[in-house]
Amino acid sequence: MRKRAFKGTTEYWESRYAKGGTSGAGSYGRQAEWKAETVNDWVAELGVTSVVDFGCGDGNQLSLAKYPRYLGLDPSATAVRMCVERFRDDKTKSFLQYTPDTLADPAGWLRGDLALSMEVIFHLIEDEVFEDYMTRLFDSAERYVVICSNDTDDDEQVPHERHRDFTRWVERERPQWVLERRLDPPADLDVMSSFFLYKRNA
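Residues numbered from 1 in each chain as written. Predicted model: local features only at pLDDT ≥ 70, side-chain atom pairs only at ≥ 80, totals over all residues. Heavy atoms only, no water.

**Here's the deal with the overall build of the protein chain**
Helix and strand content of the protein chain: five helices and seven strands. Reading the secondary structure of the protein chain in the N-to-C direction produces α-α-β-β-α-β-β-α-β-α-β-β. Summarising the internal contacts of the protein chain: among those between residues at least 6 apart in sequence, 67% fall at separations of at least 24. (Helix = DSSP H or I, 4+ residues; strand = E, 2+ residues; numbered from the N terminus. Contact = heavy atoms within 4.5 Å.)

**With respect to the pattern of salt bridges**
Throughout the structure, instances matching the rule amount to 14 salt bridges. The residue Arg30 makes a salt bridge to Glu33 at a minimum N-O spacing of 3.8 Å. With Arg30 and Glu33 both in helix H2 (residues 29-46) and three residues apart, the pair spans about one turn of that helix. Relative accessible area serves as the criterion here: at 40%, Arg30 is assigned to the partly exposed category. A relative accessible area of 39% means that Glu33 is categorised as partly exposed. When the shortest N-O distance is used, the salt bridge between Arg172 and Glu173 registers 3.0 Å. (Salt bridge = Lys/Arg side-chain N within 4 Å of Asp/Glu carboxyl O. Buried < 20%, exposed > 50% of the residue type's maximum accessible area, 1.4 Å probe, protein only.)

**A word on the packing of aromatic side chains**
Applying the stated rule across the entire model yields 11 aromatic pairs. Put simply, the rings of Tyr67, Tyr70, Phe87 and Phe95 touch in pairs and so form one group of aromatic residues. (Phe/Tyr/Trp six-rings, centres within 6.5 Å; stacked < 30°, edge-to-face > 60°.)

**A closer look at the pairing of strand S1 (residues 51-54)**
Here S1 shows no split at all, with Val51 and Asp53 on one side and Val52 and Phe54 on the other all buried. Across four bridges, the pairing between S1 and strand S2 (residues 70-74) is parallel. Of the residues in S2, the one forming a bridge with Val52 is Leu71. Sheet topology places S1 next to strand S4 (residues 112-118); three bridges connect them, and they run parallel. Paired with Val51 across the two strands is Leu114, which belongs to S4. (Pairing = 2+ DSSP bridges.)

Here it is, written out as structure tokens:
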């Protein structure tokens with residue numbers, strides 16, 4: 001049982017952005033540059049044609065991205081508005097508020113060649129939110145899923161974090177997806193997350 005009061009994942013992030021907060025230190029500076037370099041290189045190497053991002057945040061990380069076509073989703077309406085304004089002249093990028101309770105996509109409109117999760121998983125506090133997020137993430141990918149996160153069930157340090165051993169979920173729930181690569185951060189970079197590249201096993 002969680003001992004600390006927490007209003008909920010969506011409520012926390014909407015309130016944070018509405019008060020002028022950002023997506024966090026990981027989306028800025030050298031951390032953001034390393035993440036962008038990694039995903040940009042994979043997108044180019046693998047010939048990825050489109051990316052659907054489950055958690056676009058304030059758009060600062062996205063400003064370093066090089067994707068042919070992009071759809072950014074986020075549960076925070078404020079974050080989505082920030083991205084719409086920031087990238088209003090970029091015809092390769094679209095944005096949509098991600099509200100699981102009112103979003104159903106059995107026809108597969110919200111799909112990409114690659115589905116991306118950039119340091120989101122350890123911010124999913126509720127079990128049902130985590131399960132829904134992971135399901136939609138993998139079901140929205142045509143060929144690849146890229147996850148940037150830690151992979152541990154150690155206790156979290158702050159109320160808006162809950163660390164999860166997500167690779168076990170993939171092995172159990174999406175066995176048709178194979179972990180092709182894992183990339184850990186450089187030793188001189190203060191990042192707790194690694195990159196995980198999954199490929200659909202045809």
